[in-house]
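# Coordinates in review
Here are the chains, one letter per residue:
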Amino acid sequence: MYRKVEESQTLLINTQSKNLAAQNKELIKFGFGQSPFLPPKQVMDELKSAVHHKEYSSVQGDLELRQYMADFHKAHNGLTVLADDILIGPGSKVLIFNTLMAFEKADVFIPTPAWVSYGPQAKLAGHNIIQLPTDFDQKWRISAESLKKASKHKSHKATILILNYPGNPDGLTYSKGELKEIANQARIQNIYVISDEIYGLLNHDLNHKSFANYYPEKTITTTGLSKWCGAGGWRFGAVFLPNEIESDLKKTMIGIGSETYSCAPTPVQIAARTAYKNFQDISWYIKWQVNILSQIGNYCSDNLNSSGIRVHNPQGGFYIFPDFSLHQEKLHAAGIKTSNDLCSTLLKDTGVVLLPAHAFGFEENYLAARLAYVDFIPPLENSHFDVEKNCPKVKIGIDAIIKWIENI
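Residues numbered from 1 in each chain as written. Predicted model: local features only at pLDDT ≥ 70, side-chain atom pairs only at ≥ 80, totals over all residues. Heavy atoms only, no water.

Relative to the assigned elements, Met 253 resides in helix 8 (residues 247-259). Taking the relative accessible area as the measure of exposure, Met 253 reaches 0% and is therefore buried. C-alpha of Met 253 to C-alpha of His 358: the two residues are 105 residues apart in sequence and 31 Å apart in space. (Helix = DSSP H or I, 4+ residues; strand = E, 2+ residues; numbered from the N terminus. Buried < 20%, exposed > 50% of the residue type's maximum accessible area, 1.4 Å probe, protein only.)

Written as structure tokens, this is what we have:
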């Protein structure tokens, strides 16, 4: 009678963590990917001053803001988009779903691992999901060859690839050469690409390039304030459509927005003008975050690697994806045979919260998990930063994982 839709694994782990915290259990919160940084003061002040704006905006979003966003992303990563081809909504999550819903039937290529909501959203939209497998040695990256192999399983005229980089759950990105090869293959197959670049501004080398630079004709880019601006709960996202895209797609997406969310919150849009007004005005804030996040990420991955828990050093965002498979024999001996077992036992034994690999598209028996290294209070700007001093919970959590795997 009803659709079968499970609660998002990331939101579920956050709820479970809150329940344990309510029982006065000490937790290390590596499960939920919420930025620990506050938005810049001038952006928060603008939101406060705009609180009396209770009117609806247009479904597409404030025009002045859209122009600011077009200029901002041109300066940031060379993405060229017209203000009239930007759609603003209450979070990029709903805009990805909006995009998927705009297609009647499609084959949707989803890499494994991938963010937990891509698959459920594609399923809700009635599409055929085709997973693109990756592995540790590939750094969880798809390739042109991945797309070739996947094409054999297509059953619909329209094909959509969901590409996310820097990635959730792995914290890794693509080189320019890799992006060009994927773009060339996407062009051959006439694939629409939803390029989820919500972590693009948190590229640790500050050199993120939008996929639309290599495949402008069919790339639909999504972004927002939740990650780089620390404003997840504000619910502000945007989708950038290519100028060459069919007018019917844009019209359909605006129509879906008008029948569902109506518009993004008006006070948040006004505050977003300040965030996006000038990239140079905000670049110091991004560099400050990235400097801290890259140090913490490398600290976590270096220490875990030293204990035989394989993990790639992150290149963006605030995630790593530890692989426990080298410890499989003793984990199995302890009754830990799935990633859910791994995370639940670790949580019970140590209070460290991780999210199981199964949530990101892997088979249940793959012993890996996502670690979001966000359980810290950011230091003051321009102050000396030391991971062990400024992020005591991060150190405690990593030490606890290492001690646990050594003694399991």
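Here the focus is the sheet that holds strand 5 (residues 158-164). Taken in spatial order, the 7 strands of this open sheet run 2-8-7-6-5-3-4, and their pairing is mixed. Strand pairing shows two members of the sheet lacking a second neighbour, strand 2 (86-89) and strand 4 (128-133), which therefore form its edges. Going across the sheet, the axis of each strand differs from the next one's by a mean of 20 degrees, ignoring polarity. In this sheet, strand 6 (residues 192-196) lies alongside strand 5 in parallel orientation, the contact comprising 5 bridges. Paired with Ile 162 across the two strands is Ile 194, which belongs to strand 6. (Pairing = 2+ DSSP bridges. Axes fitted to C-alpha atoms, helices over the stretch in contact; angles between N-to-C directions.)

The biggest cluster of nonpolar side chains holds 73 residues, and the ones touching the most others in it are Leu 225, Trp 228, Tyr 276, Ile 296 and Leu 354. Looking at which element gives the most residues to this core, the answer is helix 10 (residues 279-306), with 12 residues. Setting aside its immediate chain neighbours within four residues, Trp 228 contacts Phe 72, Leu 201, Leu 202, Ala 275, Tyr 276, Ile 282, Tyr 285, Ile 286 and Gln 289. Listed in part, the 38 residues of the second largest apolar core include Val 108, Ala 114, Ile 160 and Ile 220. (Core = buried A, V, L, I, M, F, W, Y, C linked by side-chain atoms within 4.5 Å. Contact = heavy atoms within 4.5 Å.)

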